[in-house]
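Remarks on the overall topology
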Amino acid sequence: MTAKYKAGPAISNSKVSTKKIMMILLGTLVFVYAWGLFNLNNLGVEGLVANEIKITVAAILTSYVCEILFAVFTKKNVKEHLNSSFPAVSPLIFVLMAPANATVYAIVISTIVGVVFGKLVFGGFGQNVFNPAGVARTVLLSSFTTSLIVTNAPDLATMATPATIINQVGWLPTADTFQTLFADFGGLKGLLIGTHFGALGEVCTLAIAISCVILSVCKVIDWRISVTYLLTIFVGCFLIGSINGLGLNYALYCLLTGGVMFGGVFMLTDPVTSPVTRPGRVVFALFAGLVTLLIRFVGNTPEGVVYAILISNMVAPVIDKVFMGRQLVNYKKNLTIVLVTCAVVAVALFGLGSTRTAAEYLTFRKTPFNHGETIKISSVDTTGAEVAAVEGNTYTIKLQTPGIEYNGTSTYEVVLTEDGGIESVTVVDCADTRSIGDQVLIDTFLEQFENVTVDSTIDTISGATLSSKAVAAAALKAVKASNSTPLDAAEYADYNATVDEVNGNVYSVSADGYGIVTGATGHAYSRNTFEVTVEDGKVTDLKFPHFGDTEYVGDKCCSQKYLDTYLGKGLGDDADVITGSTYTSKSVASAVTAALMEGAN
Amino acid sequence: MSFLLSNMCRHIDGRKELTEGKPIVTIADDKISEICIPLQIGANVGTPLVKEGDRVLKGQLIAEATARFYVPFFSSVSGTVKGTKKMMGAQLRPIDYLVIENDFKNEESATLKIDYEKATKEELVDFMKKMGLLGQGGAGFPAYIKYGAKDVDLVINLAECEPYITTDVMCVEEELDMFKFGVEMAMKAAAAKSAHIGIKKTHKELIEKLEAAFKGTNVYVHAMRDVYPMGFERTLIKEMMHRTYDILPSECGCVVSNAQSLLSFGKTLKTGMPITERVITVSGEGVNNPMNIKCPVGTSVKALLETAGGVKLDECLLLMGGPMMGSSVTKDEICISRINGAVTVLPLPTEKAIGCLRCGKCVETCPMGLQPCLIAKAGKAKDQDALKALETKRCVECGACAYVCPSKINVTDNIRMAKRIMK
């Protein structure tokens, strides 16, 4: 037996290790990531999921390369270093906060800055002052905005996420506009599940909340930080909202949008960059909450969370200093400091709430849209579009945007001009993807449909091409509906079409025209007569021997060019209607229908 | 779970089942043919009163320390003095031992008897001093000093929070009546209003027995949480008496005694003989047959380990005491003094330390409410101001911070080093 010397206790808690802590953290991150990826897939934007996976792999690989090089340069055992520096965590947190359509290039550069200047220059794991993922995210946000975006999804700068939209009105909308905003992003359910666009880690707040419980129970994070931070945001926004006539939903909206949940659960709680004492952590979280709200309400960046976290990281050592020493003896002092901090935060938020004025939510639908390809309205495919109702010149069209299976049916209202042109298009109910497809609600896009014909061109919204085309399809369908009439006897009861003579497969038919159907006077109106040749249930020839309607109006239908449009048509098909000669056109259609019916008997 | 206050303790797997309930084995004669009595306990160094060749009797005064506190040393056997020798002590410094050859006649020296029924508080305290009663929980603080106070509450520490050790609980259970007598006398000596026994709630049977034994008296049995360091007097007083103090328990009207010390007090009063024997827990994963061994003071660790079936590891940690606060020694020739209660043999730890992630688990657990990770960092940076602000000297080196550290950093040792560089 050889007895060795060891200072300090001879046993340690084998149930807990830093590696295990980091594995649980990694597990919850992957859970949030998978949930986000599922949502992203459901948004139906082509290439987004593939790009997300690409940038994730790129970020993690970059982090590993940086750590390996660091180990080599500092002459450390590479394997041991990798085992104790957990290179996968920071890039994963970073990617969860990055837009899904960022380029690999932008992600790699940001990761390098985050890992090298946020972590390794301080000496590696456990030594850093700032959250490395936060540093990387800041670099991405400030250095790469509009230019480095792949796929046709909306870019980071103009993308409509709940956070960017509300930021445009200074985070304090009026009650009415907030209702619209809240509904636009799917209400509370939409915000919890994350059906809108946004960074992967920001949308699925429910998954983050679940992770928070898991991490707290496993003692990976201190729930005091998360709870205090989230409560500060929630109570703060409730206070500010209440002063300005907004309710509970507003506070929830502020809590569940942007990076608040993700930052509060995964970033602020990073033990390396937060204080070590309990009262210190509470003060730290209160401070971070206040800074977040200040940036949101007063600052001009779209989101305050990452900056607030980095600023709080900076004061963490100072907070540690305040709470040094025996905590039982200093309890009253510590409690006083915490309560005073609470009071300061409350006063600041109260001041913030009473000095802000609620703004109208007028920006979102007034903003210019990102122009995509230019298309002719008449060129779009109207498959699936249905006329739900017609009232005068107003056509209600229902259409499920083709190509996006996940979405429901949208409803459009198309108003036509007297001469068959398009007067306006409104989107009554948009079922398309939140903050992507529903960009068709933007007024400047819909204005393109004002007083145009089907031969006009419109610009689609970049990133929402399918949804844009669906609007054009609805317009085209309405125009087509106004220009056609079905070969269906039920439509023409007023026209009294009768088959007078049958000669083989040639039917002589007579039918009322404009004057007789409407009872108009001032003209000698008579019944129109036709000769319809039918073979195998289809029109093979059509002649208009006697015309009894208004000359120079209805006689447009007498042209052989028009009559030939009936060739090849059978019962149930649509026949064209000549604008301005609707009754005569229908008179022709009624006669053809009668002949076809006779032929079918 | 407090929102702002740490737990200041945590559960540690006690591994008490290795020895608890097993019969106490008396050491074989051939293992104690030569006895080496340490002439130093804590900082008290004894001057020998006998010389080589003298015949000494069991219980005879053989040395005295007078420099700081009065601490007497007694022979634990009868035999012949073979001189003194310098060997490694339990505190990793070489100390003097008085070597006595055992003649196995067990001839006892003259007894010191007092009429304890009629004795005054002062007489009892003076008896404690003459009999050299020391705190047997491991600290070895002379009992007579503590018992000078008046109108106090006697706190009896039966928490035995160090893992593996079962000697206190087993001795008290074996001699419950003697323990009861010791408690009554100690209350008299302390002029105590009441006495409170703190025992971990896991010892259900003993709690019942104690409650039955002390029924109707002003001695209360408290079932305490199974957390470390419940046996730290500050923690025990906080948890059981709900009191706090700055430096000494007497500030909050408490006198703390280890339960086995009171058992010894009772025995010395009844027999008039000083403490010459101890029950030592020899346990740990490295021992073949963990057990409690009754042996005379001055028995070597080697003899104890052999009695317990030997060590089954080639390389191990040998600890005087338990795994948390016991001192790691490299030689088994060390002999036990009357404040030792355990020898623990454990496998060498294999986990390598990695970077501190400031998780705060040490802050959470520190029974003094300090910030161990910050102290360790300030110590490495030699930041005197920070070390002072962190109240580094308050650390009692209980080892809880190193135990909980997920990065397997030896926080306790880092703090020890920080203390050393402090001005």
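Residues numbered from 1 in each chain as written. Chains lettered and ligands numbered in written order. Predicted model: local features only at pLDDT ≥ 70, side-chain atom pairs only at ≥ 80, totals over all residues. Heavy atoms only, no water.

Right, let's get into the overall build of chain A. A tally of helices and strands in chain A yields 22 helices and 13 strands. Radius of gyration (C-alpha) of chain A: 34 Å, far over the 25 Å computed for a compact globule of 601 residues. In terms of overall dimensions, chain A has C-alpha extents of about 120 × 60 × 35 Å along its principal axes. Looking at chain A residue by residue over its 601 residues, the buried ones come to 54%. Partitioning the contacts of chain A with sequence separation of at least 6, the portion at a separation of at least 24 is 69%. Summing over all exposed atoms, chain A offers an accessible surface of approximately 24200 Å²; the carbon and sulfur share of this is 59%. (Helix = DSSP H or I, 4+ residues; strand = E, 2+ residues; numbered from the N terminus. Rg over C-alpha atoms; globule rule 2.2 N^0.38 Å. Buried < 20%, exposed > 50% of the residue type's maximum accessible area, 1.4 Å probe, protein only. Contact = heavy atoms within 4.5 Å. Areas by Shrake-Rupley, 256 points an atom, 1.4 Å probe, with all protein chains shown as cover.)

Before going further, it helps to examine the overall build of chain B. Of regular secondary structure, chain B possesses 13 helices and 19 strands. At 21 Å, chain B has a C-alpha radius of gyration in line with the 22 Å of a compact globule built from 423 residues. Across the 423 residues of chain B, 59% fall into the buried class. Expressed as a percentage of contacts within chain B between residues at least 6 apart in sequence, the contacts between residues at least 24 apart total 70%. Computed over 55 positive and 51 negative side-chain charges, the separation of the two mean positions in chain B equals 5 Å. (Lys, Arg positive; Asp, Glu negative; His and termini not counted. Charge placed at Lys NZ, Arg CZ, Asp CG, Glu CD.)

So, on to the environment of A:Thr396. Residues and elements named next belong to chain A. Note on placement: Thr 396 falls in strand β4 (residues 394-399). Along the backbone, Thr 396 and Val 428 are 32 residues apart, and their C-alpha atoms lie at a distance of 9.1 Å. Dropping the residues within four chain positions of it, Thr 396 is found in contact with Glu 386, Val 387, Ala 388, Ala 389, Thr 411, Tyr 412 and Glu 413.

Residues and elements named next belong to chain B. Reading across the sheet, the four strands line up as β2-β10-β9-β6 and stay open at both edges, with antiparallel pairing between neighbours. The open sheet has two edge strands, β2 (34-38) and β6 (55-56), and neither has a second partner. Pairing of β6 with strand β9 (residues 79-88), which is carried by two bridges, proceeds in the antiparallel orientation. Bridge pairing links Arg 55 to Thr 80 in β9. (Pairing = 2+ DSSP bridges.)

All names here are of chain A. Here helix α12 (residues 223-243) spans 29 Å end to end across 21 residues, near enough to the 30 Å set by a 1.5 Å rise per residue. In this structure, the buried residues of α12 make contact with α11 (205-217), α13 (248-256), α14 (260-267), α15 (278-297), α16 (305-322) and α17 (331-355). Downstream of α12 by a residue or two, Gly 245 has a phi angle that is positive, lying close to 75°. (Expected span 1.5 Å × (residues − 1).)

By the definition in use, this model includes 17 aromatic pairs over all chains. Taken together, a centroid distance of 6.1 Å and an interplanar angle of 80° make the contact between A:Tyr514 and A:Tyr525 edge-to-face. Placement of A:Tyr514 in helix α20 (residues 514-518) and of A:Tyr525 in the loop between α20 and β11 (528-535) is noted, with a sequence separation of 11 residues between them. Considering the side-chain rings of B:Phe179 and B:Phe214, the 6.2 Å spacing of their centres and the 85° angle between planes classify their relative orientation as edge-to-face. Of the two residues, B:Phe179 is situated in helix α4 (residues 176-190) and B:Phe214 in the loop between α5 (204-213) and β13 (219-224); the sequence distance between them amounts to 35 residues. For B:Phe179, a relative accessible area of 0% puts it in the buried group. A residue is classified by how much of its surface remains accessible, and B:Phe214, at 3% relative accessible area, is buried. Every member of this aromatic cluster is reached through a ring pair, and the members are A:Phe178, A:Tyr250 and A:Tyr253. Over the ring of B:Tyr245 we find B:Arg234, and its NZ or CZ is 4.4 Å from the ring centre. (Phe/Tyr/Trp six-rings, centres within 6.5 Å; stacked < 30°, edge-to-face > 60°. Lys NZ or Arg CZ within 6 Å of the ring centre and 35° of its normal.)

Now for unusual backbone geometry. Following B:Tyr228, the chain continues to B:Pro229 via a peptide bond in cis, the omega torsion being -5°. If you trace the backbone, B:Pro229 turns up in the loop between β13 and α6 (233-241). Located in the positive-phi region is A:Lys75, a residue other than glycine, with phi close to 55°. Looking at the element boundaries, A:Lys75 is found in the loop between α2 (48-73) and α3 (78-85).

Attention shifts here to helix α6 (residues 132-143) of chain A. Residue and element names in this part refer to chain A. Here α6 is 12 residues long and its end C-alpha atoms lie 16 Å apart, about the 16 Å a rise of 1.5 Å per residue gives. Taken across its 12 residues, α6 has nine buried, putting it largely inside the fold. Of the residues making up α6, those classed as buried are Pro 132, Ala 133, Gly 134, Val 135, Ala 136, Arg 137, Thr 138, Val 139 and Leu 140. Lining the buried residues of α6 we find α4 (89-97), α5 (104-118), α10 (200-203), α14 and α16. A side-chain oxygen of the first residue of α6 lies 3.1 Å from the backbone nitrogen of Ala 133; this N-cap is Asn 131. (Polar contact = N/O pair within 3.5 Å; in protein donor to acceptor, adjacent residues only side chain to side chain.)

Let us look at the pairing of strand β3 (residues 386-391) of chain A. Put simply, side chains in a regular strand alternate between the two faces of the sheet. Residue and element names in this part refer to chain A. As defined by bridge partners, β3 adjoins β4 across five bridges and the pair is classed as antiparallel. From the neighbouring strand, Glu 391 faces β4, where its bridge partner is Thr 394. Following β3, the chain reverses through two residues before pairing antiparallel with β4; Gly 392 in that reversal takes a positive phi of roughly 65°.

A separate point is the interface of chain A and chain B. The parts lose accessible area when they come together, and the size of an interface is often stated as this lost area. Opposite the 48 residues of chain A that make contact, chain B presents 67 residues. For the pair chain A and chain B, the two sides together bury roughly 5000 Å², of which 60% comes from carbon and sulfur. On the chain A side of the contact with chain B, A:Met1, A:Arg278 and A:Arg326 bury the most area, a combined 15% of that side's loss. On the surface where chain A and chain B come into contact, there are six salt bridges. (Buried area = accessible area lost by both parts, 1.4 Å probe. Salt bridge = Lys/Arg side-chain N within 4 Å of Asp/Glu carboxyl O.)

Attention now goes to the pattern of salt bridges. Applying the stated criterion across every chain yields a total of 32 salt bridges over all chains. Note that A:Asp222 and A:Arg224 form a salt bridge whose closest N and O atoms lie 2.9 Å from each other. Pair check on accessibility: A:Asp222 and A:Arg224 agree, each one buried. Note that B:Arg358 is salt-bridged to A:Asp320, the shortest N-O span being 2.8 Å. Remark: A:Asp320 occurs in helix α16 and B:Arg358 occurs in the loop between β19 (342-347) and α9 (361-365); the pair is interchain, linking two chains. Both residues of the pair, B:Arg358 and A:Asp320, belong to the buried class. Look at the salt bridges and you will find they share partners, linking A:Arg326, B:Asp246, B:Glu391 and B:Arg394 into a network.

To continue, consider the side chain of A:Thr273. Following the sequence through the fold, A:Thr273 ends up in the loop between α14 and α15. If we ignore the near neighbours within four places in the chain, the residues touching A:Thr273 are A:Asn128, A:Val129, A:Phe130, A:Asn131, A:Phe284, A:Asn313 and A:Ala316.

The next thing to look at is the nonpolar core. Side chains of a nonpolar character, in soluble globular proteins, are inclined to be buried together. Membership of the largest hydrophobic core comes to 98 residues, with the highest contact counts inside it found for A:Leu29, A:Tyr229, A:Tyr250, A:Phe262, A:Phe266 and A:Phe297. It is helix α1 (residues 18-43) of chain A that provides the largest number of residues to this core, a total of 10 residues. Aside from chain neighbours lying at most four places away, what touches A:Tyr229 is A:Val260, A:Gly264, A:Leu268, A:Ala285, A:Ala288, A:Gly289, A:Thr292 and A:Val305. Counting residues in each nonpolar core, the second largest holds 95 residues, with A:Ala3, B:Met131, B:Ile156 and B:Leu176 among its members. (Core = buried A, V, L, I, M, F, W, Y, C linked by side-chain atoms within 4.5 Å.)

All names here are of chain B. Residue-level pLDDT values for chain B average 91, and 100% of them are 70 or greater. Within chain B, helix α2 (residues 143-146) has the poorest average pLDDT of any element, 85, and β13 the best, 96. Reported for the predicted complex are a pTM of 0.78 and an ipTM of 0.90. (pLDDT = per-residue confidence, 0-100.)

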